Amino acid sequence: MSPDADTEALREGCTRFLHWHGLVRAADLLATIPVDTALDKYGDGGVVSDLEREIAVLLGKPAAVFLPSGTMAQQSVLRVHADQRGRRTVLFHPMCHLERHEGQAYQRLHHLIGRPVGDADRLIGRDDLESVAEPVAALLLELPQRDLGGQQPSWADLEAQAAWARDRGAAVHLDGARLWESAAGYGKAPGEIAALFDTVYVSFYKGLGALPGCCVAGPGEVVAQVREWRGRMGGTLHGLWPNAASALTCLHRRLPLMPDYLHHARAIADVLRDLPGVRVIPDPPQVSMMHLMLANSQEGFTAAARRLAAERGVWTWPQAMTTADPGVQRVELAVGDATCDLEPGEVRDIIAALVA
């Protein structure tokens, strides 16, 4: 058996899952598509149009468009903002998804100029933007900042950053892949956060656990151009209905649960705070996710995780992320349905087994 197959078999044998919504099988995802789903044709009509209308209302925007991936969505909308303003520079955090995970496609395909602002290990602040003198097409902000453990700026600073961009004629775009979690963290409705931004991207497969897909919401003329870019980039499939239907189902099911996930995340942080060899980032969690710094080697962590799976039927992570310190590993804990099935004390015991 190959190492990958061995790991998969070990995971399949588990009955409890620490991270997110747990083990998701094809049948689970197919069950999120109602049997009476109305079909679209090339992204027009049916459940796709229903989803677009609901997201536009939920985010308080005139229009929304469904796309198969966030990579396509954000490149498209930033291209539109740049074309409208006759500028090419986009500001974003150094850990921005566009910069780190998309092969510089914003640059190579859309001729945009990315300018990271601030430091990789902290959030962008209003003061960081003052160092920028060149004309800017758009300011992209991610809420929450995933690579920083789900941190968010204060509401006042977020308002100040948006105002800075608008005062300079730049668009303000939200990478809201986890806007649903962000809204619970701020204690605000998604539309209240979206109101600070010209355009908003939201994902349906991350926190909500649907099939892949996303929406961009904003002014009608911007959304219309993003819809055209969806076609140019190969995203207007003959039928987008399975993913859109799954998105609606999971939106209705899990959006109301976001405050519960946040409450459970904070309860878990409370019991981990004094556990030797464990550090919670940020502490307390600002949304329903956190990063854990664990005192163990990469090999020690992997062995401990496999023992938990084999002996206790608990699946955690197949491996951890390395850090600059070989004796410290990092993991991301996103709290979802499966996590909420575990009491905070049980989570403490599981994490304790992962440290040296």
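Residues numbered from 1 in each chain as written. Predicted model: local features only at pLDDT ≥ 70, side-chain atom pairs only at ≥ 80, totals over all residues. Heavy atoms only, no water.

Peer 1: Explain the pattern of salt bridges to me, and be specific about the residues and the numbers.
Peer 2: All told, the structure shown has 21 salt bridges when counted by the stated rule. We note a salt bridge from Asp 119 to Arg 122, for which the minimum N-O separation is 3.2 Å. Relative accessible area serves as the criterion here: at 43%, Asp 119 is assigned to the partly exposed category. Members of the salt-bridge network, linked through shared partners, are Arg 79, Asp 83 and Arg 88. (Salt bridge = Lys/Arg side-chain N within 4 Å of Asp/Glu carboxyl O. Buried < 20%, exposed > 50% of the residue type's maximum accessible area, 1.4 Å probe, protein only.)

Peer 1: Can you lay out the nonpolar core for me, pointing to particular residues and giving the numbers?
Peer 2: Counting residues in hydrophobic clusters, the biggest one holds 80 residues, and the most contacted among them are Ile 55, Phe 197, Phe 204 and Ile 351. Take this core: its biggest share by element is seven residues, from helix α13 (residues 258-272). Not counting the four nearest positions on each side in its chain, Phe 204 is found in contact with Leu 51, Ile 55, Phe 66, Trp 180, Gly 209, Ala 210, Leu 211, Gly 213, Cys 214, Cys 215 and Ala 247. With 27 residues, the next largest nonpolar core counts Val 77, Val 80, Phe 92 and Leu 140 among its residues. (Core = buried A, V, L, I, M, F, W, Y, C linked by side-chain atoms within 4.5 Å. Helix = DSSP H or I, 4+ residues; strand = E, 2+ residues; numbered from the N terminus. Contact = heavy atoms within 4.5 Å.)

Peer 1: Tell me what's going on with helix α14 (residues 298-312), and back it up with residues and numbers.
Peer 2: With 15 residues, α14 extends 21 Å between its outermost C-alpha atoms, agreeing within 8% with the 21 Å of an ideal straight helix rising 1.5 Å per residue. Within α14 the residues assigned to the buried category are Gln 298, Phe 301, Ala 304, Ala 305, Leu 308 and Ala 309. Looking down the long axis of α14, one finds its buried residues gathered within 135° of arc, a one-sided arrangement. The outward face of α14, more than 90 degrees from its buried face, is lined by the exposed residues Glu 299, Ala 310 and Glu 311. (Expected span 1.5 Å × (residues − 1). Arc of directions from axis to C-beta.)

Peer 1: Quick one: what's the story with the environment of Asp 167, residue by residue and with numbers?
Peer 2: Residue placement: Asp 167 occurs in helix α8 (residues 155-167). With 130 residues separating them along the chain, Asp 167 and Ser 297 place their C-alpha atoms 49 Å apart.

Peer 1: Please set out the environment of Ala 170 residue by residue, giving values where relevant.
Peer 2: Along the chain, Ala 170 turns up in the loop between α8 and β6 (171-176). The sequence separation of Ala 170 and Arg 85 amounts to 85 residues, and the corresponding C-alpha distance is 7.8 Å. Other than its neighbours up to four places away in sequence, Ala 170 contacts Arg 85, Arg 87, Val 136, Ala 137, Ala 138, Ala 165 and Asp 198.

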